[in-house]
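For reference, the chains in residue letters:
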Amino acid sequence: MPSVKKKAEMFIVHFKLLPILLLITAGNSFSLDTDWWKHTILYEIYVQSFKDSNGDGMGDIKGITNKLDHFVDLGIETLHLSPFFLSPMMDSGYDVSSYTEINPVFGTMEDFNELMNEMRRRGLKLICDLVINHSSDEHVWFGKSIERIDPYTNFYVWVDPKGYDSKGQPTPPNNWVNLFEGSAWEWNERRGQFYLHQFAIKQPDFNLRDAELKKEIKKIMKFWLDRGVAGFRLDATMHFIEDEYFRDEPFVDPNKTQITRYDDLKHVYTTDLWESYEFIHELRDFTDQYTMEKRQQLERILVAEAYTTINHTMAYYGRDNYGITHFPFNFEFVDLHNFVNATLYADVILRWLKNMPKDATPNWVAENHDNMRIGRRLCEEYMDIVTITMMMLPGIACVYYGQEIGMTNSYVRPDQRKDPNNDASPSAQSRDGERLPMQWDDTMNSGFTSKYIPWLPVHPNYWKVNVEKQKSQEVSRYNMFKALSQIRKRKTMKMGNFKSYIVSEWVYAFTRSYRRYETYITVLNVGSEIEPVNLHDVINNLPSTLQVVVASVNAGYVKGDQILSVSKFPRIFSMRPLSAIVLTTRAQTEPPIFRTQLIDPRINKNSSEI
């Protein structure tokens, strides 16, 4: 079988040492760790679905506390919780009625304090969801705003009607629509005005231009910062602030006159306004100031959630001394819905790195509570390819609960659905499939709850796909994930550069290397056939023999296997379809403490190196 000979297409990212920042205030100094989050595994927990501790069929805070050793075993450092605040639960907690109270469905403030104490004992950190584009219409602020009671009068977006129809009914001020379809405006008879809701009718949009509201939001942030949270994920940031003149949005098709769905309009007046970034900059200043005044040991972080263009997304990083969020979620892998060749797979990675501002930290997201899991979008084999990729890339690996065992979507009957986005319509796209209960073991309901019928059905494959079963298997996704998290703690992974290679049409590889320390070579066959691999054709200075340290469950290799980096009959290095392996050179001893920072990837402009 002939070897594959193809010139490498390389992209290189370098790293450098970043010491802990020393802050000096009024003659006193203290150390602030600005580096802890830059290489963390950020694990998203959908609270309702993680672990039920009281047998009511729904996950809760105590359930998370009871499972903290799961994260210690996996090597996960940071947890991100979906909203657990007081809420009527019309939208699974994303309709908040009080930002400083715990929803009784999830527990009490005592439960939360216990969670924080137990996390501190284990060296874990917590990121909270901050849902401030809108509140629930059951929030006391909304009621007072309806009554025009100051300072709440302008806490929400209120607008007079454009006019009245032939029946004397008020007409909306413009053509804006909400993401769940229909007008974004709802008439309130008592106030005599329309209120804006870019999401559901029961989720009125805040007026984030209002100075008094901004003060209240900062009080909320302080409330949770005082309780030890390490930062906030800002929900729906692209929708924060709208056009103050309330102009009609243009049609995507200029010949169209009727709006039938959200995507019919160009949302130039309701999304991505620069004032939204300026508002987040205020929150960043507040968070930074809090850290300094409280002499915190860890930098508190802000993370943006925005499904927008690459340029608008990168703006959330900020520039120079104008801090916005610490990073915006990278949804490039979430948008991967089709099988691609090596070049296109590389583009998914390089698009982010090439557009990222200087000194920014990359992050990688493949699954979350709003999008189908990889196994449903592509196939089960692809789960390992993407998980290995994102864990071996530089920066932050953002994983979704169950990704460590390869959980995937399952059919949820219309009568079982809870997602308001589908209105229980059989033909609607439900998000419930990616929110199924965590699969802990092979007992009833996979150990998630003792209640006979949980809030959402457990995936029927729980008897074979669960934590306890995979922990006992030498070759399993759980142990693959655990091995990857251990590798991420190595100095090469925290400080080493990144190089990208197109090995052949269907084989993609990238390396992480640093000085005298070991090099890691991640090799992916994204094709549907067995592929021979000759790494020497594209990667210089490799030893002839490399060692396998991690492999996908279907790879046919296990840790410790030796492979030849150059094809040599009869010992040809080949890869099964849709498989992945991580190889290493000779390991070196390394010191335990290190700090890093990403350098501008655009080193030079020649054809093979950027």
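Look up a bit, the structure's there.
Along each chain, residues carry numbers from 1 onward, in the same order as the chain's sequence is written. Where local features are concerned, this predicted model is filtered to residues with pLDDT of at least 70; where side-chain atom pairs are given and counted, the filter is 80 or more; whole-chain, interface and lining totals use all residues. Processing note: side-chain calculations cover all non-hydrogen atoms of the structure and skip hydrogens and water entirely.

1. Some remarks on the overall build of the protein
For step 1, the next point in the chain: The helix and strand tally for the protein stands at 13 helices and 30 strands.
For step 2, the next point in the chain: Evaluated residue by residue, the protein yields a buried proportion of 60% over its 610 residues.
For step 3, the next point in the chain: Working rule for contacts: check all heavy atoms of both residues, and any pair within 4.5 Å makes them a contact. Taking contacts inside the protein between residues at least 6 apart in sequence as the whole, the part at least 24 apart equals 69%.
For step 4, the next point in the chain: Using the Shrake-Rupley algorithm and a 1.4 Å probe, accessible areas are obtained, with residue cover drawn only from the displayed protein chains. Roughly 25100 Å² of accessible area belongs to the protein as shown, and the carbon and sulfur atoms make up 49% of that amount. Each helix is a run of DSSP H or I of at least 4 residues and each strand a run of E of at least 2, with the numbering of both proceeding from the N terminus. The rule is simple: take the accessible area with a 1.4 Å probe, protein chains only, and divide by the maximum for that residue type; under 20% is buried, over 50% is exposed, in between is partly exposed.

2. Overview of the layout of surface pockets
For step 1, the next point in the chain: The space that makes up the largest pocket amounts to roughly 1200 Å³.
For step 2, the next point in the chain: The pocket and cavity definitions rest on a 1 Å grid over protein atoms only: a 1.4 Å probe that fits but cannot leave marks a cavity, an open set with protein on both sides within 12 Å along at least five of seven lines marks a pocket, and residues lining either have an atom within 4 Å of a point. Lining the largest pocket we find 40 residues, and of these Leu 179, Phe 180, Asp 370, Asn 421 and Arg 431 sit closest to its centre. Grid points are joined across faces, edges and corners, and a volume is the space filled by probe spheres set on the points.

3. Digging into the nonpolar core
For step 1, the next point in the chain: Among buried residues, those of type Ala, Val, Leu, Ile, Met, Phe, Trp, Tyr and Cys that are joined through side-chain atoms within 4.5 Å constitute a nonpolar core. One finds Tyr 345 and Tyr 382 to be the most contacted residues of the largest nonpolar core, which totals 142 residues.
For step 2, the next point in the chain: Apart from the residues within four sequence positions on either side, Tyr 345 is in contact with Phe 333, Leu 336, Val 340, Tyr 382, Ile 385, Val 386, Thr 389, Tyr 508, Leu 524 and Val 526.
For step 3, the next point in the chain: If you look at the next biggest cluster of nonpolar residues, it comprises 21 residues, including Tyr 501, Ala 509, Val 533 and Met 575.

4. A look at the pairing of strand 13 (residues 185–188)
For step 1, the next point in the chain: As paired elements, strand 13 and strand 14 (residues 193–196) share 4 bridges and run antiparallel to each other. Each bridged residue has a counterpart across the sheet, and for Trp 187 the counterpart in strand 14 is Phe 194.
For step 2, the next point in the chain: For two strands to be treated as a pair, DSSP must find at least two bridges joining them. The turn linking strand 13 back onto strand 14 is made up of 4 residues, and Gly 192 within it adopts a positive phi angle of 75 degrees.

5. Some words on the sheet that holds strand 14
For step 1, the next point in the chain: On the basis of which strands lie adjacent, the open sheet formed by 3 strands has the order 10-14-13 and antiparallel pairing. Edge positions in the open sheet fall to strand 10 (158–159) and strand 13, since each of these has one partner strand only.
For step 2, the next point in the chain: Pairing analysis gives 2 bridges linking strand 10 to strand 14, with the strands arranged antiparallel. Paired with Val 159 across the bridge in strand 14 is Phe 194.

6. Some points on the pattern of salt bridges
For step 1, the next point in the chain: A pairing counts as a salt bridge when a side-chain nitrogen of Lys or Arg comes within 4 Å of a carboxyl oxygen of Asp or Glu. Tallied over the entire structure, the rule returns 33 salt bridges.
For step 2, the next point in the chain: For Arg 190, the salt bridge identified is with Glu 147, shortest N-O distance 2.3 Å. Taken as a pair, Arg 190 in the loop between strand 13 and strand 14 and Glu 147 in the loop between helix 4 (140–146) and strand 10 lie far apart in primary sequence, 43 residues in all.
For step 3, the next point in the chain: Among the charged side chains, a salt-bridge network with shared partners connects Asp 91, Asp 370, Asp 419, Arg 431 and Arg 435.

7. Let's talk about the environment of Thr 309
For step 1, the next point in the chain: Positionally, Thr 309 belongs in the loop between strand 16 (301–304) and helix 7 (310–314).
For step 2, the next point in the chain: When the C-alpha positions of Thr 309 and Asp 272 are compared, they lie 9.3 Å apart, and in sequence the two are 37 residues distant.
For step 3, the next point in the chain: The term polar contact refers here to a pair of N or O atoms within 3.5 Å; inside protein, the definition further demands a hydrogen-donor-capable atom paired with an acceptor-capable atom, and it admits residues adjacent in sequence only when both atoms are side-chain atoms. Side-chain polar atoms of Thr 309 contact the side chain of His 312, separated by 2.9 Å.

8. Topic: the environment of Tyr 307
For step 1, the next point in the chain: Along the polypeptide, Tyr 307 turns up in the loop between strand 16 and helix 7.
For step 2, the next point in the chain: Distance from Tyr 307 to Ala 236, taken between C-alpha atoms, is 8.2 Å for residues 71 residues apart in sequence.
For step 3, the next point in the chain: Side-chain polar atoms of Tyr 307 contact the side chain of Asn 368, separated by 3.0 Å.
For step 4, the next point in the chain: Reaching out from Tyr 307, the side chain makes a polar contact with the side chain of Asn 371 at a distance of 3.1 Å.

9. Side note on empty space enclosed by the protein
In this approach, a probe sized like a water molecule rolls over the atoms, and the result shows the empty space that is left.
For step 1, the next point in the chain: One pass over the full model with this rule turns up 3 cavities of 30 Å³ or more.
For step 2, the next point in the chain: In this structure, the largest cavity occupies an estimated 120 Å³ of space.
For step 3, the next point in the chain: Around the largest cavity, the lining is made up of 15 residues, and of these Glu 44, His 80, Phe 329, Val 365 and Asn 368 lie nearest the centre.
For step 4, the next point in the chain: Contributions of two or more residues to the lining of the largest cavity are made by strand 5 (41–45) and strand 21 (396–400).
For step 5, the next point in the chain: In terms of residue count, the dominant contributor to the lining of the largest cavity is strand 21 (3 residues).
For step 6, the next point in the chain: When residues are sorted by character, Ala, Val, Leu, Ile, Met, Phe, Trp, Tyr, Cys and Pro go into the nonpolar class, Asp, Glu, Lys and Arg into the charged class, and all the rest, Gly among them, into the polar class. A class-by-class count of the residues in the lining of the largest cavity yields 8 nonpolar, 3 polar and 4 charged.

10. Some points on the sheet that holds strand 6 (residues 78–81)
For step 1, the next point in the chain: Pairing within the open sheet is parallel, and its 8 strands lie in the order 19-16-15-9-6-5-21-20. Either end of the sheet is taken by a strand with one partner, and the two such strands are strand 19 (327–328) and strand 20 (363–365).
For step 2, the next point in the chain: Relative to strand 9 (residues 125–130), strand 6 runs parallel, the two being bridged by 4 bridges. If you follow Thr 78 over to strand 9, its bridge partner there is Lys 125.

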